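Coordinates in review
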Amino acid sequence: MSTILITGASSGIGKATARFFADKGWNVIATMRSPEKETELTGQENIEVIKLDVENRNEIHEAINSGIARFGRIDILLNNAGYGTMGVFEAATEEQLQKQFSVNVFGIFAATRAILPHFRANKSGIIINVSSMGGKITFPNGSLYHSTKFAIEGFTEGVYYELASQNIKVKIIEPGAIATDFMSRSMDHLVDESLTDYKEYLDNMNRKLLTMFAGNNFTQAEEVAAVIYQAATDDSDQLRYVIGEDARSAIEMRNQAGDEAYVKNTAQMFV
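Basis of the calculations
Residues numbered from 1 in each chain as written. Predicted model: local features only at pLDDT ≥ 70, side-chain atom pairs only at ≥ 80, totals over all residues. Heavy atoms only, no water. Helix = DSSP H or I, 4+ residues; strand = E, 2+ residues; numbered from the N terminus. Rg over C-alpha atoms; globule rule 2.2 N^0.38 Å. Buried < 20%, exposed > 50% of the residue type's maximum accessible area, 1.4 Å probe, protein only. Contact = heavy atoms within 4.5 Å. Areas by Shrake-Rupley, 256 points an atom, 1.4 Å probe, with all protein chains shown as cover. Polar contact = N/O pair within 3.5 Å; in protein donor to acceptor, adjacent residues only side chain to side chain. Patch = residues over 30% accessible without salt bridge, like charges linked within 9 Å, V, L, I, M, F, W, Y side chains within 5 Å. Salt bridge = Lys/Arg side-chain N within 4 Å of Asp/Glu carboxyl O. Lys, Arg positive; Asp, Glu negative; His and termini not counted. Charge placed at Lys NZ, Arg CZ, Asp CG, Glu CD. Core = buried A, V, L, I, M, F, W, Y, C linked by side-chain atoms within 4.5 Å. Phe/Tyr/Trp six-rings, centres within 6.5 Å; stacked < 30°, edge-to-face > 60°.

**Quick look at the overall build of the protein chain**
A tally of regular secondary structure across the protein chain gives 9 helices and 9 strands. Against the compact-globule benchmark of 18 Å for 271 residues, the protein chain has a radius of gyration of 19 Å, which places it among compact chains. The C-alpha extent of the protein chain, read off along each of the three principal axes, is 55 × 40 × 35 Å. The proportion of buried residues among the 271 residues of the protein chain is 48%. Residue pairs in contact within the protein chain that sit at least 24 positions apart in sequence constitute 71% of those at least 6 positions apart. Total accessible area on the protein chain stands at roughly 13300 Å², and carbon and sulfur atoms take up 50% of it.

Have a look at this one:
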């Protein structure tokens, strides 16, 4: 029986993926910052709920060691933990800048480094990193979030080559807008009331964003979980998995039109 370790399994894509794999008969190491609050995943024979904050390097190693002790080995690492920031860059505090990269980028680095000795010893393993369509395209007011997802895209593609030499696969999941509580639970807003020069721009942009997303048919977290399962089991060397019609159309538009045309079109749309 195969085993997957999932970061950020307390809600959204992480929890949906934990349920999906468990239902398929996999062993699941569901990690989260506050496991004492979890009720749905606890008590299942093939799920181990473990405390893990990706900013805490000791907890990463402890979760991996605990999972191996319970299930014998780990076959897949799903780097899912993350959150977003929205707002003009100038409004960001130093703490917000550091935190965004600490969780979304350095957390993935740390978890990946921690699991690699185990995968090399097994001469197999799969690392799946949850990115976003925001790792390939940009929207206004998402400079910090986009920069972390662009970083993960580059990191994953870069290690794809070297880890192939160790029979370790890496994959990227690129969902579009997801019907989860991400916007309320996992979103930090950059606000500085003194930056009045941005008011007209922000008011205009927010109106357009509300219109753009009103009534949008968001992808369900369970759909993302199904694609993650596909990536874990299709035995292919495929690197990227795009999920959602919004993600597919936006990424295809940028690929076809080119970077400059995409940026100009987005600027005209919002600014």
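**Side note on the side chain of K171**
With respect to the element layout, K171 can be found in strand β7 (residues 168-175). You can call K171 buried: its relative accessible area is 1%. In terms of polar contacts, K171 uses its side chain to reach the backbone carbonyl oxygen of A231, at 3.3 Å. Within the local environment of K171, its side chain forms a polar contact with the side chain of D234, the two groups lying 3.1 Å apart.

**Concerning unusual backbone geometry**
Within the chain, K123 stands out as a residue other than glycine whose phi angle is a positive 55°. Examined against the element boundaries, K123 turns out to sit in the loop between α3 (94-122) and β6 (125-130). Of note in this structure, N141 is not a glycine but carries a positive phi near 70°. Note that N141 resides in the loop between β6 and α4 (143-164). N141 gets classed as buried once you look at its relative accessible area, which sits at 11%.

**Some remarks on a negative patch on the surface**
Where like charges cluster on the molecular surface, the negative patch consists of E90, D192, E193 and D197. Relative to the elements of secondary structure, D192 occurs in the loop between β8 (187-189) and α6 (199-213).

**Focus: the environment of Q230**
Inspection of the secondary structure assignment puts Q230 in helix α7 (residues 221-233). Residues Q230 and K208, spaced 22 residues apart in sequence, show a C-alpha to C-alpha distance of 35 Å.

**Some thoughts on the pattern of salt bridges**
Summed over the entire model, instances satisfying the criterion amount to 16 salt bridges. Here R19 and E222 are joined by a salt bridge, their closest N and O atoms 3.1 Å apart. Taken together, the residues R19 in helix α1 (residues 12-23) and E222 in helix α7 connect sequence positions 203 residues apart. With its nearest N and O atoms 3.4 Å apart, the salt bridge here joins D235 to K169.

**Description of the nonpolar core**
Counting 32 residues, the largest nonpolar core has I4, F21, V28, A30, I128, I173 and I228 as the members making the most contacts within it. Of all the secondary structure elements, the ones that give two or more residues to this core are β1 (3-6), α1, β2 (27-32), β3 (47-51), β4 (76-79), β6, α7 and β9 (240-243). Ranked by residues supplied to this core, first place goes to α7 with 8 residues. V28 has contacts with I4, I6, A18, F21, A22, N46, I47, E48 and F71, leaving out every residue within four places of it along the chain.

**Points about the environment of L239**
By secondary structure assignment, the location of L239 is in the loop between α7 and β9. Overall, L239 belongs to the buried group, its relative accessible area being 15%. Here L239 is in contact with T156, E157, Y160, V170, K171 and I172, once residues within four sequence places are set aside.

**Things to note about the packing of aromatic side chains**
For the structure shown, the criterion picks out 8 aromatic pairs. Seen in terms of ring centroids, W26 and Y229 are 6.3 Å apart; in terms of plane orientation they differ by 70°. Their pairing is edge-to-face. Of this pair, W26 sits in the loop between α1 and β2 while Y229 sits in helix α7; the two residues are 203 residues apart in sequence, bridging distant segments of the chain. When sorted by exposure, W26 lands in the same class as Y229, which is buried. On the numbers, 5.7 Å between centres and 85° between planes, the contact of F106 with F109 is edge-to-face.

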